[in-house]
Every structure is written in structure tokens, then in C-alpha cells.
Amino acid sequence: MGPDMATNTASEGPASAVGYDPHPVRAQFPLLVAPENDQALHYLDNAATAQVPQAVLDAVTEHETRHRSNVLRSVHRLAEAATDAYEGARATVAEYLNAASADEVVFTSGCTAAVNLVARAFGETLAPGDEIVVSELEHHSNLVPWQMLRARSGIVLRVLPVTAEGGLDLAALPDLLGPRCRLVALTHASNVTGACTDVRAVVAAARRVGARVLLDGAQHVPHGPLDVQALDVDFYCFSGHKVYGPNGIGVLWGRADALAALPPFLGGGEMIRRVTLDETTYADPPRRFEAGTPPIAQAVGLGAALRWFAAQDRAGAATHLARLTRRLLEGLDTLDAGRGRIRIIGAPSLAPRLPIVAFAIDGAHPHDVAQILDGHGVAVRGGHHCAQPLMDRFDVAGTTRASLAPYNTDADVDACLDGLADALGKLL
Amino acid sequence: MLRLAEAGAETTHLDSPDASVTVDNPLCGDRVTIDLRCDADGRVTELAHAVRGCVLCRAATAVLADHAVGSGADEIDAIRARLRARLRDATPLPDDAEWQDLAVFEPVAGHRSRHECVLLPFEATLRALSEVRGSGGTAAP
């Protein structure tokens with residue numbers, strides 16, 4: 001499944017026409033099949049956290065009930081099994097990303113932790129006056145760590161603007177890339193507008209000044225497949241809980257040479273090679289960056305999630321999601337009825353984007369809208385989505401955001417639109 | 001609630017206030033600005049507000065604006081504590097005729113992520129009162 005929905009629209013049609021039926025997929029998610037209080041659940045908050053299929057729950061339960069142990073330290077059978085499971089998950093992640101080696105996969109506690117790891121470790125290699133390019137489109141997790149680095153180290157942040165359609169203004173990028181630029185740290189796809197980044201253009205521009213490239217892939221990874229070698233970036237970060245895996249697990253992928261050039265971030269545990277009272281030498285990546293007992297069961301769960309997702313009809317799901325996105329966009333347009341009260345933040349079309357639609361309703365606060373939708377059994381996100389600079393850019397306090405996953409159905413979208421009609425009646 | 005929110009949505013300002021404080025709710029981006037004038041005892045004599053927020057935040061601001069004049073920091077802090085306890089622990093609101101409007105927020109108790117929406121104008125007001133105290137006095141006429 002790819003995010004470039006525009007490429008899918010030519011053949012789109014009813015789900016049955018492309019052979020994709022979301023219902024068998026949905027049936028694999030216990031929370032969707034038997035929601036709390038037996039109230040119908042229309043879960044459209046997938047960009048915040050996706051639901052977990054039974055296969056992942058089973059894998060975690062299997063690990064915790066049969067193989068629970070620490071990894072890499074003991075030689076008993078449980079420890080060997082746990083180590084196999086943990087390293088097996090690393091291999092699965094590498095395969096999903098098409099990484100050159102599993103040694104390029106660092107487990108973290110989440111995407112935010114992965115970005116912070118780079119900000120700390122890569123930041124150690126920078127000098128005052130060195131430059132990092134970020135953008136207005138970023139989630140706070142790919143902005144605040146760099147601001148903190150600026151405060152610590154005296155680096156300079158340069159900010160790529162956003163277009164009126166909610167994508168990166170790549171035409172402005174060359175002017176931001178000077179000889180002191182060391183890193184371009186951008187989102188692979190926006191958690192608000194759904195816009196996908198033209199990575200090829202970013203990498204080409206960054207390479208011209210010798211800068212490394214980091215992508216925040218939190219939103220893009222659930223709409224893979226990914227090929228980090230083809231993307232030709234240096235660092236790629238994502239979370240497990242957005243790709244049908246557990247909380248508390250994330251990944252920093254780094255190209256071997258890029259990781260090897262980084263000093264450790266946290267100290268202790270398996271990140272050492274040799275410790276004396278006078279000094280410590282450090283392990284090679286990825287263990288150099290995995291201090292302390294890692295999130296073992298969560299890694300096992302992430303591995304199971306990626307295997308589950310890779311086995312789905314991802315191309316069919318992409319077409320299905322493009323159709324649902326269009327249904328949602330057209331429904332919002334119908335609700336607005338030309339009155340200009342509903343404003344899509346981002347492209348109101350199926351331009352290359354993820355199935356994420358954020359909108360502001362003039363005179364209605366997104367939290368109030370989301371609360372009314374909750375009464376209809378519809379779960380959406382209301383607020384600034386950890387993207388306050390983007391909210392400032394579009395002069396809104398927040399938005400209501402519906403984000404779709406392959407288990408969503410026409411009924412989910414229609415329930416959302418019905419709830420919005422109710423919200424408009426109550427709040428305006 | 002909607003009636004109160006309508007009142008809270010009205011933006012007012014004070015010329016040369018003793019304190020003007022803006023507070024953001026980090027969870028949702030709501031923003032409340034409170035302008036205050038106080039008497040020599042630190043009691044509110046005039047209060048103005050500007051809210052960029054949800055129905056709850058605007059309604060809470062309206063209740064606060066209706067009742068804050070004549071109160072000092074200790075009283076407003078006590079009201080905030082009672083309201084917070086009601087939201088978090090279902091502790092009944094005191095039988096206090098002046099602040100009975102707060103009962104309108106009782107249904108919010110089951111929505112933990114929205115408690116701060118109700119409490120935000122109280123926090124802004126307390127910060128403003130603290131600022132007045134910190135400035136060493138008031139500009140009471």
C-alpha cells in the first residue's frame with residue numbers, strides 16, 4: 001500500500017470492484033468487534049494510535065507466558081528464547097524497511113525517543129553555528145528536540161515553510177541549505193494535512209551541501225511498504241503503536257555509516273564493550289544505543305504487527321482508503337453546502353496524501369465537535385495534534401481530524417458525517 | 001452550558017490593568033487571557049477576558065467573570081480546588097450560593113481530558129493575582 005492516492009484513483013471504485021473487503025480485516029481486531037459497552041465504535045483516530053489485531057496480542061501473550069526473560073545476558077533457555085524473539089523482531093523490522101542489515105535497526109520507546117536519540121547523539125557532533133533544517137509541518141516530536149539542541153549547542157534552526165495546500169514548500173529548500181547545514185529533519189507525511197513529502201527532492205538538495213537527512217515516518221510507516229535504501233535517507237524514525245503494534249516501542253533506523261559516526265546517548269546495560277573504573281568503550285550499533293533492558297515484549301509485538309501488515313492486501317487497502325477519503329472529503333463539502341464554514345487544513349483533493357483529513361469548523365471548537373462525535377460512537381482527534389506551528393500557519397487553534405485505517409468502512413465515514421451534521425446543528 | 005459559553009465568548013479588555021496574563025492549555029491549545037484590577041487588599045475589582053477555547057472553557061470563564069469581583073486569590077484558589085475535586089473525585093460542590101453556577105460542569109467529571117478546559121480560566125486568574133501580589137501592590141483607584 002502506498003500513500004500516493006492520486007495514483008490509485010484512476011482505478012478506484014466500490015471496494016468489491018477491487019477485491020478488497022475491510023470486514024474480514026476488521027474482524028481480526030477484538031476492540032472493533034466487541035467495543036466497550038457494546039456501543040458501535042467508528043474508530044477514526046488511527047493517526048494517533050491504531051488498533052491491535054489478535055495476531056499481535058497472541059504474539060505478546062505467547063512471549064510473556066512462555067519466553068519472558070531478559071535478553072543477551074543469561075544463557076538459560078528462557079533467555080535464549082527471549083533473545084531469539086527480540087533479535088527476530090529486529091530482523092522483521094529490517095525486512096519491512098528493506099534495510100541493508102538488521103544492525104541498522106535500533107529499538108527505542110517510540111518515534112519521539114528515536115528523534116531525541118539522534119538530536120542528542122548527532123547533536124554531540126555539531127558545532128555552534130551549524131545548521132539544521134526543519135519545517136512548519138512538523139509534529140512537535142521533530143521540532144522540540146532540535147530547539148532543545150539549539151539551546152544546548154548554539155546550532156541554528158532554519159525552517160522550511162508550508163504551502164497553502166499543507167505540503168512542504170520545497171521550492172524554498174535550496175535557499176535554506178547553506179554550507180553549514182548538517183541535517184535536514186522533516187516529516188515523511190504530515191499527521192495533520194496528510195501531505196506526503198517528496199523525499200527524492202529533499203535528499204537531492206541535502207546531498208548538494210553534504211547534509212544528512214532524517215525522516216519522521218510515524219505517519220507514513222502504517223501506509224508502507226517502505227524502502228529506506230531507495231529513499232536514500234540517513235535516519236528514519238517511527239512508532240510501533242501506529243502500525244498495529246504495542247505502545248512503548250519505536251524504531252530508529254540509521255544507515256550503518258551514519259549510526260557508526262554517532263556517540264552513545266544513554267549509558268549503561270548492553271551499550272558497553274568494556275567498562276573499567278577509569279573509562280568505558282562502547283558497543284557497536286545497534287546496541288550502542290540500547291542502554292538498559294529494552295522493551296522486549298513490545299519489540300516482539302512490533303515484529304508480529306509488521307508481519308501481519310505485510311501479509312495484508314496492501315494495494316487493495318490503499319485503493320479502499322483513497323475511496324473512503326474521497327467519501328469523507330465529499331461528505332464534508334456537502335455538509336458545508338457552500339457556506340464556507342468547514343475548512344480543510346491541507347489539500348481538499350486526493351493529491352498524494354495519507355488518508356488523514358483535518359478540518360476546522362468556523363465557530364465550533366474541535367474538542368466540542370469531537371465530544372459530540374463521541375456521542376455517536378465516532379472516535380476522532382480534536383486539538384492541535386502536537387503541531388502548533390502548523391496551527392499558527394493556518395490561523396486556527398486546532399482542528400478535528402479523522403484518520404483512516406484498512407479496517408475502516410463506509411459506515412465509519414458515514415457515522416462521522418452524521419455526527420458532524422449533529423455537531424453543526426448544536427454548536428453553530 | 002451553551003448559554004454560558006456565549007457569554008464567555010465575548011472579548012473584553014481593561015485599559016492599564018494591574019495584571020494581564022495569558023495561559024495556554026497544552027493539551028488542546030485553548031488560550032485564556034485575563035486582565036485584572038485589584039484593590040489594596042488584593043481583591044478583584046474588575047476582570048476582563050479573552051478566550052480562544054471550547055464551550056467548556058468559555059462557559060467556565062463566564063462563571064468566573066460573574067463571581068470573581070470581590071474575591072481574592074485565596075478564595076478563588078479555594079473555588080478552583082472545590083471544582084477540581086468535583087471533577088476528579090465527585091466531591092460534592094459546597095452549598096455556596098455565589099458559585100452555584102459551577103454545578104453546570106458536573107457532567108464533565110467523566111471526561112478527564114477536558115477537566116483542564118474548565119479549570120483554565122481559574123488558573124489564568126490566579127496567575128494574574130499572583131502577578132499583582134508580586135508587583136508589590138495594586139493600582140486601585
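Remember, predicted model here, so these are calculated numbers, not experimental data. Here the residue numbering is sequential within each chain, running from 1 through the sequence in written order. Here the convention is simple: chains get letters from A, ligands get numbers from 1, in the order in which they are written. Owing to the predicted nature of the model, reporting of local features is limited to residues with pLDDT of at least 70; listing and counting of side-chain atom pairs is limited to 80 or more, with chain, interface and lining totals taken over all residues. For side-chain calculations, the full set of non-hydrogen atoms in the structure is used, while hydrogens and water are omitted.

Topic: the overall build of chain A
So, point 1. Regarding its fold elements, chain A presents 15 helices and 15 strands.
So, point 2. Two things to know: the radius of gyration comes from C-alpha atoms, and the globule rule equals 2.2 Å times the number of residues to the power 0.38. For chain A, the C-alpha radius of gyration of 22 Å lies close to 22 Å, the compact-globule estimate for 428 residues.
So, point 3. In terms of overall dimensions, chain A has C-alpha extents of about 70 × 55 × 35 Å along its principal axes.
So, point 4. The contact criterion used throughout is that any non-hydrogen atoms of two residues lie within 4.5 Å. Restricting the contact set of chain A to residue pairs at least 6 apart, pairs at least 24 apart contribute 73%. Secondary structure elements follow DSSP: runs of H or I no shorter than four residues count as helices, runs of E no shorter than two count as strands, and numbering proceeds from the N terminus.

Describing the confidence of the model for chain A
So, point 1. Summarising the model, chain A shows a mean pLDDT of 94, and 96% of its residues fall at 70 or more.
So, point 2. Each residue carries a pLDDT value, the predictor's own confidence for that position, ranging from 0 to 100. Scored below 50 in pLDDT, residues 1-17 of chain A shows 46 contacts in the model against residues more than four places distant or in partner chains.

Observations concerning the interface of chain A and chain B
So, point 1. Between chain A and chain B, the contact holds 10 residues from the first and 15 residues from the second.
So, point 2. Of all residues in chain A, the largest losses of buried area upon contact with chain B belong to His365, His367 and Gln371 of chain A, amounting jointly to 43% of the total for that side.
So, point 3. Just to be clear on terms, a salt bridge is a Lys or Arg side-chain nitrogen sitting within 4 Å of an Asp or Glu carboxyl oxygen. At the boundary of chain A and chain B, one finds one salt bridge.
So, point 4. Between Asp368 of chain A and Arg114 of chain B there is a salt bridge whose closest N-O contact spans 2.7 Å. Note on terms: buried area is the combined drop in 1.4 Å-probe accessible area of two parts once they are placed together, counting the loss on both.

Describing the pattern of salt bridges
Residue and element names in this part refer to chain A.
So, point 1. Per the counting criterion, the structure on display carries 29 salt bridges over all chains.
So, point 2. Measuring nitrogen to oxygen at the nearest pair gives 3.1 Å for the salt bridge that ties Asp257 to Arg255.
So, point 3. Under the relative-accessibility criterion, Arg255 is labelled partly exposed at 24%.
So, point 4. With a closest N to O distance of 3.1 Å, Lys426 and Asp422 form a salt bridge. With Lys426 and Asp422 both in helix H15 (residues 410-427), this residue pair falls four residues apart, about one helical turn.
So, point 5. The cut-offs for exposure are 20% and 50% of the maximum accessible area for each residue type, with area from a 1.4 Å probe on protein chains only; residues under the lower value are buried, those over the upper are exposed, and the others partly exposed. Residue classification places Asp422 among the partly exposed positions, given a relative accessible area of 24%.
So, point 6. Linked by salt bridges that have partners in common, Arg207, Arg212, Asp232, Asp234, Arg255 and Asp257 make up one network.

Description of empty space enclosed by the protein
All names here are of chain A.
So, point 1. Of the two site types, the cavity is a set of points on a 1 Å grid over the protein atoms alone where a 1.4 Å probe fits but cannot get out, and the pocket is an open set with protein on both sides within 12 Å along at least five of seven lines, each lined by residues with an atom within 4 Å of a point. Grid points are joined across faces, edges and corners, and a volume is the space filled by probe spheres set on the points. By the definition in use, this model includes four cavities of 30 Å³ or more.
So, point 2. Of the volumes computed, that of the largest cavity is approximately 100 Å³.
So, point 3. Considering the residues around the largest cavity, the lining is formed by 13 residues, among which Asn46, Ala47, Pro222, His223 and Leu404 are closest to the centre.
So, point 4. Any residue that is not Ala, Val, Leu, Ile, Met, Phe, Trp, Tyr, Cys, Pro, Asp, Glu, Lys or Arg is counted as polar, Gly included; the first ten are nonpolar and the last four charged. When grouped by side-chain class, the residues that make up the lining of the largest cavity number eight nonpolar, four polar and one charged.

Focus: the environment of Asp410 of chain A
Residue and element names in this part refer to chain A.
So, point 1. Note that Asp410 resides in helix H15.
So, point 2. Classification of Asp410 as partly exposed rests on a relative accessible area of 24%.
So, point 3. Put simply, Asp410 and Gly346 are 64 residues apart on the chain and 22 Å apart in space, counted from C-alpha to C-alpha.
So, point 4. Beyond its immediate chain neighbours, meaning those up to four positions away, Asp410 contacts Arg323, Leu324 and Arg327.
So, point 5. Among the polar contacts listed, one links the side chain of Asp410 to the side chain of Arg327, at a separation of 3.4 Å. Contacts described as polar in this section are N or O atom pairs within 3.5 Å, which, within protein, must combine one atom able to donate a hydrogen with one able to accept it, while residues neighboring in sequence count only if both atoms come from side chains.

Considering the packing of aromatic side chains
Residues and elements named next belong to chain A.
So, point 1. Aromatic pairs are defined between Phe, Tyr and Trp rings, using the six-membered ring for Trp, whenever the two ring centres lie within 6.5 Å; interplanar angles under 30 degrees are classed as stacked, those over 60 as edge-to-face, and all others as tilted. By the definition in use, this model includes 10 aromatic pairs over all chains.
So, point 2. Ring centres 6.5 Å apart and planes at 20° place the aromatic pair Trp308 and Phe309 in the stacked group. In this structure, Trp308 and Phe309 share a single accessibility class: buried.
So, point 3. Counting every residue linked through ring pairs, the aromatic cluster contains Phe29, Tyr96, Tyr244, Trp308, Phe309 and Tyr407.
So, point 4. In our convention, an over-ring charge means Lys NZ or Arg CZ found within 6 Å of a ring centre and within 35 degrees of that ring's normal. Between the NZ or CZ atom of Arg314 and the centre of the ring of Phe309, over which it lies, the distance is 5.5 Å.
So, point 5. Across from the ring centre of Phe394, 4.8 Å away, lies the NZ or CZ of Arg393, which sits over that ring.

Digging into the layout of surface pockets
Once rolled over the atoms, a probe with the size of a water molecule shows which space is left empty.
So, point 1. Size it by volume and the largest pocket reaches roughly 550 Å³.
So, point 2. Forming the walls of the largest pocket are 22 residues, and the residues nearest its centre are His367, Val380, Arg381 and Gly382 of chain A together with Ser113 of chain B.
So, point 3. Of all the elements in the fold, those that place two or more residues in the lining of the largest pocket are helix H13 (366-375), strand E13 (378-379) and strand E14 (381-383) of chain A.
So, point 4. When residues of the lining of the largest pocket are assigned to their parent elements, the largest contribution, four residues, is made by H13 of chain A.
So, point 5. Per-class residue counts for the lining of the largest pocket are nine nonpolar, eight polar and five charged.

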